[in-house]
Amino acid sequence: MASRMLVTHALPYANGSLHLGHLVESVQTDVFVRAMKAMGKECRFICADDTHGTPIEISARKAGMSPEEWIAKNYREHAQDYEAFEIGFDLFYTTHSPENERYAVQIFEALQKDGAVVKRDVLQMYCGVDQRFLPDRFIRGTCPVCGTQDQYGDSCENCGSTYEPTELKNPRCAICGNTNLERRSSPHYFVKLSKYQDFLRRWTS
Ligand SMILES: [Zn+2]
Ligand SMILES: [Zn+2]
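The structure presented is a predicted model; accordingly, all values stated were derived computationally and were not measured. (Residues numbered from 1 in each chain as written. Chains lettered and ligands numbered in written order. Predicted model: local features only at pLDDT ≥ 70, side-chain atom pairs only at ≥ 80, totals over all residues. Heavy atoms only, no water.)

## Describing the side chain of Ser186
Consideration 1: Looking at the secondary structure, you find Ser186 in strand β9 (residues 182–191).
Consideration 2: A relative accessible area of 8% places Ser186 in the buried class.
Consideration 3: Filtering out sequence-adjacent residues up to four positions away, Ser186 remains in contact with Arg120, Asp121, Val122, Gln124 and Phe133. (Helix = DSSP H or I, 4+ residues; strand = E, 2+ residues; numbered from the N terminus. Buried < 20%, exposed > 50% of the residue type's maximum accessible area, 1.4 Å probe, protein only. Contact = heavy atoms within 4.5 Å.)

Encoded structure:
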């Protein structure tokens, strides 16, 4: 085994409290890291709150906070819980960081320069009341497959079907309840990963 190791585990979502499932993983990883360090390996254990995703924006609104306040509150709670369980991270950080932003921009710009980013217009649901496009999670309605009410715009929790928000019956805005949603097109960026297939296969092996 290599003498220098970088260890992490699945990033906890910054959208609520840690539960026992998170801690099982953390304790197991911590045991492994402690063993490696005791054996004299140069081992770094890093982790972070995953702060990006539509559910975070929805929960923040419900709690009457900005997304930044919401993730800061969850970060404090997570850090305290990990400390109480004596999880020995060398770094417990956040994806909402200047470093992450810098590298994301760097990667995106490099891809763009290489001609791997294509722009296409995509039809999306739009709420005229909130004056914003609605991601799948911001749309609720009746499942087109089994008819269960109050399901998300992309999947049904009852029958497990996945679908397009435009297939949902009686769609409404999850923020304001507006049932008169429009379909509007907006530009989206796509990365042509196939361009890097050979490199990625080599690198990941
Ligand atoms: Zn269903
Ligand atoms: Zn709305």
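## Here we look at the coordination of the zinc ion (ligand 2)
Consideration 1: Coordination of the zinc ion (ligand 2) by the protein involves Cys127 (SG), Asp130 (OD), Cys173 (SG) and Cys176 (SG), with metal-donor separations of 2.0 to 2.3 Å.
Consideration 2: Donor residues for the zinc ion (ligand 2), ordered by position in the chain, follow C-x2-D-x42-C-x2-C. Taken together, the residues Asp130 in the loop between β4 (117–127) and β5 (132–133) and Cys173 in strand β8 (residues 169–173) connect sequence positions 43 residues apart.
Consideration 3: Taking the relative accessible area as the measure of exposure, Cys173 reaches 1% and is therefore buried. (Donors = N, O, S within 2.8 Å, 3.2 Å for Na, K, Ca; no water.)

## Notes on the sheet that holds strand β3 (residues 91–94)
Consideration 1: The strand order β1-β2-β3 describes an open sheet built from three strands, whose pairing is parallel. The sheet terminates laterally at β1 (4–7) and β3, the two strands that pair on one side only. When strand polarity is set aside, the average angle formed by the axes of neighbouring strands in this sheet is 25 degrees.
Consideration 2: Relative to strand β2 (residues 42–49), β1 runs parallel, the two being bridged by four bridges. From the neighbouring strand, Met5 faces β2, where its bridge partner is Cys43. (Pairing = 2+ DSSP bridges. Axes fitted to C-alpha atoms, helices over the stretch in contact; angles between N-to-C directions.)

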